[in-house]
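Okay, here's what each chain looks like letter by letter:
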Amino acid sequence: MCGSFLQSRLIKLYEKGEELGYEHATATLHNSHYFCKTDNKLEKKDEIIAEFEKLINLLLKSKKPKAWFRAYYNFGLINFIHGNKRFLPCEMGDNRFFLDPHGDILACNGMDEKQPMGNLREQSWEDIWHSEKAKQVRAMVKVCKKNCWMIGSVAPAIHAHPMRPVMWVLKNKLRVLMGKKADLRISTK
């Protein structure tokens, strides 16, 4: 999605979804074997980030706690766009997996090369999940440098490590209630 489209449509799309009672989800470009792309790149990053910042402030104004955590998720997208390390650890393959249409069990669909733990057409779930290959794939995930920020890995990380997201939400919900904007400074520690 080009920056100018995002700039002119993201907030309108969010507001229309709210009007119709739909939930709003966002994502940004990732490169992986699954998406058959390795050359995606964002242009006009500053414009895209500015739109995400507007969306975050709207989400924090909501009365729905789920929207507040979506604000945190979108803050993580800004961090991802900047190329920084993930806010929360990726634990894909430990407690979550991706099943592709061919029966392959993947720790993650965001890796550069497909790394199946096994295939459900050929093996039982127990054999796959406890296999040596699964252990090898999990080890690859632990050292992955991609820092993906996709809802499939972020939502479980929020549940497993709630303190950072909860503190961010509390701080920024209070800021918005006081008529201020969310603090969206990115720390590169």
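Residues numbered from 1 in each chain as written. Predicted model: local features only at pLDDT ≥ 70, side-chain atom pairs only at ≥ 80, totals over all residues. Heavy atoms only, no water.

Caption draft 1: Region of interest: the side chain of Ser131. Structurally, the position occupied by Ser131 is in the loop between helix H4 (125-129) and helix H5 (132-142). Within polar-contact distance, the side chain of Ser131 engages the backbone oxygen of Ile128 at 2.8 Å. (Helix = DSSP H or I, 4+ residues; strand = E, 2+ residues; numbered from the N terminus. Polar contact = N/O pair within 3.5 Å; in protein donor to acceptor, adjacent residues only side chain to side chain.)

Caption draft 2: Here's a closer look at helix H3 (residues 65-81). Between its terminal C-alpha atoms H3 stretches 25 Å, which fits the 24 Å expected from 17 residues at 1.5 Å a residue. With 13 of its 17 residues buried, H3 lies for the most part within the structure. Within two residues after H3, Gly83 carries a phi angle of roughly 85 degrees, on the positive side. (Expected span 1.5 Å × (residues − 1). Buried < 20%, exposed > 50% of the residue type's maximum accessible area, 1.4 Å probe, protein only.)

Caption draft 3: Here's a closer look at empty space enclosed by the protein. Counted by the stated rule, this structure contains one cavity of 30 Å³ or more. By volume, the largest cavity amounts to about 40 Å³. In terms of lining, the largest cavity is formed by Pro89, Cys90, Glu91, Met92, Asn95, Arg96, Ser153, Pro156 and Ala157. For the lining of the largest cavity, the class distribution of residues is five nonpolar, two polar and two charged. (1 Å grid on protein atoms, 1.4 Å probe; cavity = no way out; pocket = protein on both sides within 12 Å on 5 of 7 lines; lining within 4 Å. Points joined across faces, edges and corners; volume = space filled by probe spheres on them. Nonpolar A, V, L, I, M, F, W, Y, C, P; charged D, E, K, R; others polar.)

Caption draft 4: Structural context of helix H2 (residues 45-61). A rise of 1.5 Å per residue sets the reference length of H2, with its 17 residues, at 24 Å; its end C-alpha atoms lie 25 Å apart and thus fit the reference within 8%. Residues Ile48, Ile49, Glu51, Phe52, Leu55, Ile56, Asn57, Leu59 and Leu60 constitute the buried set of H2.

Caption draft 5: How the structure looks around the nonpolar core. Formed by 32 residues in total, the largest nonpolar core has its most connected members in Phe52, Ile56, Leu60, Tyr72, Leu88, Trp149 and Trp168. Going through the elements one at a time, helix H1 (3-20), H2, H3, helix H6 (151-160) and helix H7 (163-177) are the ones with two or more residues in this core. Counting residues per element, this core draws most heavily on H3, at 10 residues. With residues near it in sequence (within four places) discarded, Trp168 still touches Ile56, Leu60, Trp68, Ala71, Tyr72, Phe75, Asp183 and Leu184. Counting 11 residues, the second largest nonpolar core, distinct from the first, contains Ala107, Met117, Trp129 and Ala134. (Core = buried A, V, L, I, M, F, W, Y, C linked by side-chain atoms within 4.5 Å. Contact = heavy atoms within 4.5 Å.)

Caption draft 6: Expanded view of a nonpolar patch on the surface. On the surface, a nonpolar cluster with roughly 260 Å² of combined accessible area is contributed by Phe97, Leu99 and Leu120. Within the element layout of this structure, Phe97 appears in the loop between H3 and strand E1 (98-99). (Patch = residues over 30% accessible without salt bridge, like charges linked within 9 Å, V, L, I, M, F, W, Y side chains within 5 Å. Areas by Shrake-Rupley, 256 points an atom, 1.4 Å probe, with all protein chains shown as cover. Salt bridge = Lys/Arg side-chain N within 4 Å of Asp/Glu carboxyl O.)

Caption draft 7: The arrangement of the packing of aromatic side chains in detail. Under the counting rule described, the total for this entry stands at 12 aromatic pairs. Seen in terms of ring centroids, Tyr72 and Phe87 are 5.9 Å apart; in terms of plane orientation they differ by 40 degrees. Their pairing is tilted. Placement of Tyr72 in helix H3 and of Phe87 in the loop between H3 and E1 is noted, with a sequence separation of 15 residues between them. Where Tyr72 meets Trp149, the ring centres are 6.4 Å apart and the plane angle is 65 degrees; that geometry is what we call edge-to-face. Here Trp149 lies in the loop between H5 and H6 and Tyr72 lies in helix H3, a separation of 77 residues in the sequence. The two residues Tyr72 and Trp149 agree in class, both being buried. These aromatic residues form a ring-pair network of at least three members: Tyr72, Tyr73, Phe75, Phe87, Trp149 and Trp168. Directly above the aromatic system of Trp129 lies the positively charged group of Arg138, at a separation of 4.4 Å from the ring centroid. (Phe/Tyr/Trp six-rings, centres within 6.5 Å; stacked < 30°, edge-to-face > 60°. Lys NZ or Arg CZ within 6 Å of the ring centre and 35° of its normal.)

Caption draft 8: Examining the pattern of salt bridges more closely. Following the criterion strictly, the structure yields 13 salt bridges and no others. Between Glu18 and Lys64 there is a salt bridge, and its shortest N-O distance comes to 3.4 Å. Placement of Glu18 in helix H1 and of Lys64 in the loop between H2 and H3 is noted, with a sequence separation of 46 residues between them. For Glu18, a relative accessible area of 33% corresponds to the partly exposed category. A salt bridge links Arg185 to Asp183; its shortest N-O distance comes to 2.7 Å. A relative accessible area of 68% means that Arg185 is categorised as exposed.

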